[in-house]
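Here's the letter readout for the chains.
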Amino acid sequence: MTLQELVNRAASLYSDRKAVWFDECNDKAPTFYTYATVVKLAMELTAFLQKHCDQQGKCEIGLYCYPGINLPSWILGILQVPAAYSPIDPDAPPMLSTYFMKKSNLQYILVENDKINKFRMSHVGCFNHNSSTVEHIGLTLFQMNSSNTDLNSQVDDVKSKYEPSKAMGNSHPGYTICPDQNKAKTWEGGYMGDGQKYSVAYILHTSGTTGIPKIVRVPHKCIVPNILHLKSIFEITPDDMLFLASPLTFDPSVVELFIALTSGASILVVPNTIKMMPVELSAALFHRHRVTVLQATPTLLRRFGAHIIKSAVLSANTSLRVLALGGEAFPVLNLLKSWKHKENKTSIFNLYGITEVSSWATCYKIPEEVFTADFRTDFPIPLGSPLLGTKVEVRDANGCSVLEGEGQVFIGGEERVCFLDDEITVPLGTMRETGDFVRVQNAKLFFLGRKDNQIKRHGKRFNIEYLQQAAEDLCEVEACAVTWYQQEKLILFVVPKDDLEERETLKELQKRLPSYAVPDELVPIKTLPLTSHGKVDISELNKIYQNHLNSRRRDSKLSGAEELWERLQYLWKSVLGLLGDSTGIPKDAIFLYSGGDSLKALRFCDEIEVLVGKAVPGLLEVILSRSIEEVHRHIVKNLFPHEDQLMNYGNVVKRKLSGNSEEEFHGKYVKLKSERGLEVASGLISFFALSRGNHFFSMNFTESFVQPNNTVQAGVELLQQPSFLHLVTPSVMKSHVQGYEMENRSLTVRNKANKADCCSVQQIHAECSHVTATELALGIRWKSNTRKCVDASPLVIIPSKEEISASVYVGSHSHAMQAIDLDLGEIKWEKNLGDRIESSACISKCGNFIVVGCYDGLVYVLQSSDGEIHWTFVTEDLVKSSAVVDPSSGLVYIGSHDQHVYSLDIYKKACIWKLHCEGGAVFSSPCLNSFPHHLYVATLGGLLLAVNPKAVW
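To start, this report covers the structure provided alongside it.

The rules behind the values
- Residues numbered from 1 in each chain as written.
- Predicted model: local features only at pLDDT ≥ 70, side-chain atom pairs only at ≥ 80, totals over all residues.
- Heavy atoms only, no water.
- Helix = DSSP H or I, 4+ residues; strand = E, 2+ residues; numbered from the N terminus.
- Buried < 20%, exposed > 50% of the residue type's maximum accessible area, 1.4 Å probe, protein only.
- Contact = heavy atoms within 4.5 Å.
- Areas by Shrake-Rupley, 256 points an atom, 1.4 Å probe, with all protein chains shown as cover.
- Pairing = 2+ DSSP bridges.
- Axes fitted to C-alpha atoms, helices over the stretch in contact; angles between N-to-C directions.
- Salt bridge = Lys/Arg side-chain N within 4 Å of Asp/Glu carboxyl O.
- Expected span 1.5 Å × (residues − 1).
- Core = buried A, V, L, I, M, F, W, Y, C linked by side-chain atoms within 4.5 Å.
- Parallel < 35°, antiparallel > 145°, perpendicular 65-115°, else oblique.
- Nonpolar A, V, L, I, M, F, W, Y, C, P; charged D, E, K, R; others polar.

1. Here we look at the overall build of the chain
- Across its full length, the chain holds 23 helices and 48 strands.
- For the chain, buried positions account for 53% of its 953 residues.
- A separation threshold of at least 6 residues defines the contact pool for the chain, and within that pool the share at least 24 residues apart is 61%.
- When the accessible surface of the chain is summed, it comes to about 43600 Å², and 50% of that surface belongs to carbon and sulfur atoms.

2. Considering the sheet that holds strand β45 (residues 910-916)
- Taken in spatial order, the four strands make up an open sheet running β42-β43-β44-β45, and their pairing is antiparallel. Lying at the two open borders of the sheet, with one neighbouring strand each, are β42 (884-885) and β45.
- In the sheet, strand β43 (residues 892-895) pairs with strand β44 (residues 900-905) via four bridges, with the strands oriented antiparallel. The residue of β44 that forms the bridge with Tyr 893 is Ser 903.

3. Points about the environment of Ala 397
- Position of Ala 397 among the secondary structure elements: in the loop between β17 (391-395) and β18 (405-412).
- Measuring from C-alpha to C-alpha, the distance between Ala 397 and Gln 408 comes to 8.0 Å, with eleven residues separating the pair along the chain.

4. A look at unusual backbone geometry
- Each neighbour pair has its own omega, and for Val 81 with Pro 82 the value is 5°, a cis peptide bond.
- On the secondary structure map, Pro 82 appears in the loop between α3 (71-79) and β4 (84-88).
- Following Ser 358, the chain continues to Ser 359 via a peptide bond in cis, the omega torsion being 0°.
- Mapped onto the fold, Ser 359 is located in the loop between β14 (347-352) and β15 (362-365).
- Positive phi is not limited to glycine here, since Asn 442 has a value of about 55°.
- Relative to the assigned elements, Asn 442 resides in the loop between β20 (431-441) and β21 (444-450).

5. Some remarks on the sheet that holds β18
- The sheet built from four strands is open, its strands ordered β17-β18-β20-β21 with antiparallel pairing. Looking at strand neighbours, the two that pair on one side only are β17 and β21, the edges of this open sheet. The sheet shows a mean angle of 45° between the axes of neighbouring strands, taken without regard to direction.
- With six bridges joining them, β20 and β21 adopt antiparallel strand pairing. By the bridge assignment, Val 440 is partnered in β21 with Leu 445.

6. Digging into the pairing of strand β11 (residues 266-269)
- The two faces of β11 match: Ser 266 and Leu 268 on one face and Ile 267 and Val 269 on the other face are all buried.
- Of the strand pairs in this sheet, strand β1 (residues 18-22) and β11 are connected by three bridges, and their pairing is parallel. When the bridges of β11 are listed, Phe 22 appears paired with Val 269.
- As paired strands, strand β10 (residues 241-243) and β11 are joined by three bridges and run parallel to one another.

7. Quick look at the pattern of salt bridges
- Summed over the entire model, instances satisfying the criterion amount to 31 salt bridges.
- Here Asp 23 and Arg 288 are joined by a salt bridge, their closest N and O atoms 2.9 Å apart. Taken as a pair, Asp 23 in the loop between β1 and β2 (31-34) and Arg 288 in helix α10 (residues 278-288) lie far apart in primary sequence, 265 residues in all.
- Note on Asp 23: relative accessible area 2%, which makes it buried.
- In this structure, Glu 356 engages Lys 214 in a salt bridge whose closest nitrogen and oxygen atoms are separated by 3.3 Å. Taken together, the residues Glu 356 in the loop between β14 and β15 and Lys 214 in the loop between β8 (200-205) and β9 (215-219) connect sequence positions 142 residues apart.
- Counted as one network, the salt bridges with shared partners bring together Asp 473, Glu 508, Lys 511 and Arg 512.

8. Observations concerning the pairing of strand β47 (residues 934-938)
- Side chains of β47 alternate between two faces, with Leu 935 and Val 937 buried and His 934, Tyr 936 and Ala 938 left unburied.
- Linkage of strand β46 (residues 927-929) to β47, two consecutive antiparallel strands, is achieved through a turn of four residues.
- Bridge analysis of β47 against strand β48 (residues 944-947) gives four bridges, and the strand direction is antiparallel. Residue pairing for β48: Val 937 is matched across the bridge by Leu 945.
- Where β47 folds back on β48, the antiparallel hairpin that results is connected by five residues, among which Gly 942 adopts a positive phi of roughly 95°.

9. With respect to the side chain of Asn 547
- On the secondary structure map, Asn 547 appears in helix α16 (residues 538-551).
- Contact partners of Asn 547, with chain neighbours within four places excluded, come to Asp 606 and Glu 607.

10. Topic: helix α2 (residues 35-52)
- For α2, spanning 18 residues, the distance from its first C-alpha to its last is 26 Å, which sits close to the expected 26 Å at 1.5 Å a residue.
- Within α2, the full set of buried residues consists of Tyr 35, Val 38, Val 39, Leu 41, Ala 42, Leu 45, Thr 46, Phe 48 and Leu 49.

11. A closer look at the nonpolar core
- Counting 72 residues, the largest nonpolar core has Leu 285 and Ile 608 as its most contacted members.
- With eight residues, helix α17 (residues 561-576) is the largest single contributor of residues to this core.
- In this view, Leu 285 contacts Phe 243, Leu 268, Arg 290, Val 291, Leu 294, Phe 304 and Ser 319; residues no more than four positions away in its chain are not counted.
- By size, the runner-up hydrophobic cluster in this structure holds 70 residues, among which are Val 20, Leu 244, Cys 363 and Leu 387.

12. Some remarks on the packing of α10 against helix α12 (residues 306-313)
- One way to put it is that α10 packs onto α12 with a least axis distance of 11 Å and a crossing angle of 10°. Comparing their axes, α12 and α10 come out roughly parallel. Residues Pro 278, Val 279, Ser 282 and Phe 286 of α10 form the contact with α12, whose own contacting residues are Ile 308, Ala 312 and Val 313.
- Grouping the constituent residues of the contact of α10 with α12 by class yields six nonpolar, one polar and no charged.

In structure tokens, the structure reads:
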């Protein structure tokens, strides 16, 4: 039995019933198609695809579209070819979409007609220019190029962004693969000798959060048992209305669509922008359309806010019969009880599963008695029983079954099997590793957390979800999330119910948690940011925290409502990436319809509150659903209540903002002079070095490094010495550049003959004015695979002698330090150190050595020519700090997590001095200043130290 057969069977029974509703949530009336219409349009698409697509072997077709009224017909039309459909998100990064299309070996893409230009621009060179339009259905068929060098290059770029990981194979317990898999290059459709040519229903990819995204091909035999069993559990009838909450690229969308369409029920579809507007969405779901079944992630549910959940979603008279939560850890019972009205009759389920065994594996119905007032609030929610055809096992680190205790979940079944990446056959009984850990107690599984959410802090290993569950149990917390920021700080983000007393909340957590699980900081936020799959977006939370840190250092003062209007427009353009657009913003412009999304709305809200210096109640909701004029008015009411009635929006004068990048700087000129010259060191190599933070460092051993008349003269905060990097060319190196001058907008380069070659900025601009945009386009010159994440910044060394090639030095988490030829991209040498490398390398004064810190607590001094170890210095903890070299003495300064900063003589192989920094690891890189001769060191304890290196010595 296939999905399309199940839908056609339902359509024959309920042809006149409404199959799909589409509501734009505006002044237009909702539209609908009956089952008869859906099937008719699907048959037209099927006939078109059978005519235009080569069906030799497999047939897999991409679908590039937004959800709309035609979506069920499009998917059904593809399935009936027969073919597998492969959803492609128009809002996904083009590089990721290209990787997915190439890795899936898609030959055909159906593109929604009004998305054709976006598709063409995002995927230039990926498709043949001949295309065919499907009449009356709103789609155009593109045929993909099978051999395109640009496309292959983009695929390699995606791979390089993720940590390389081995394909699932014999390295995973309980998993075996056919011996001929590595020989096969294409998937042939059958598994275990079944021989069914068109067994695959759809193709998705994993998110890539734990490595390279995996391609997942889902057979009908894998997903149909899911659909049938959940229909039975949820007791779906033709009278039900389901909501398409999940994006098409997230496999729960398949469950939502086909539970409805195989039952004679209706599916409600709304635009993606409406899903970000809690008020509009709740009105559509629970007032206009009376949705009865909702499947969502817990985070997506929380986005409604406590008020809407109580008054609409889980109210006494709600239309909702079934609420199925999955994809994330289930909310703590205490929080759920606070949402649910005592007379609410909604059945609530906990779903668990992984994309690699699409879609759900287990289901548990929360008993009604747990919501009674006298029931204990610490009742744990199990994962539930396996669904039809699904097998669930728990294994320890040795691969042995766990009947009582903790272990990792494995999921599979005789036919509940998907094909990952290039797999062509999968043995019966294959079990997939999930990365999720559970506790087995009395034959029930209780979720503990993700393997990749385990951290070690204060000497104790625990899962950060432990903190999240404890915080959710607090009465003042509506929703929360936890991040391990830069592997240094445990940050708790809280969406408060009302006013949040941060200190009191932290005190309450201290009572409930061991010390190692108490967060370093609590950050209140308006709402949790989501990924496209409705899960908490950890990377976005880290950005919010970084902005939170930056905001502490800002001092924003507004003179009144007019200045607020100007700055609001600037922030609007900044967040939406429209700073280059000189046109004004219409007063009726709505953020989401101007290119914004929920994540950008969060940033916009955060930037506004940083600007005004205080929280603005209700601001995020206004941003999501109202015009910029109403956003401004809302802020004015909170900030300048006396000006609200006087504000005339039509007479706001445009003016440049202080701090705007377009504003001219009129700083005083300062002269930077070296403290002393360097003695000539015969036989050593002169070089230029560019290191972390665009730090520019040159060393010339032919003459004194600094002549008395050599100065750098620059406008304050406008011109810095690294800005002259474009002068580092072979011709300049031949001249042994000694200094630079900038005066009266003229650039002077002094060569060793002390003759000046001058050219004005206007002349430079005139000479470059003929350069075309094509000539200025960026392109990849070469790539080097470091095999794991790179946190270190590259070090570029350009010798003054042209016969010696320039080099790039960089380390990675793979423990490898590489030296790469700057021009050719060839690896000169590679050296494996004792642990991962996050420290950025620096060059010694003589140019013969590279100095870099390592997680094994060592400072390595490597020969720059071949990578051989010259010396290692042992600290008492990991070294993430980047070293700096004193050009006058040649000493190396570097910090360590053992809370010390060290002065090292790499020539004598000795530690000259070490200084305890009075609490807090030294993660930052020391900064050396010539005059006064001070070394500046910052610690994670919040201290900034100014050290006289000679005084310590």
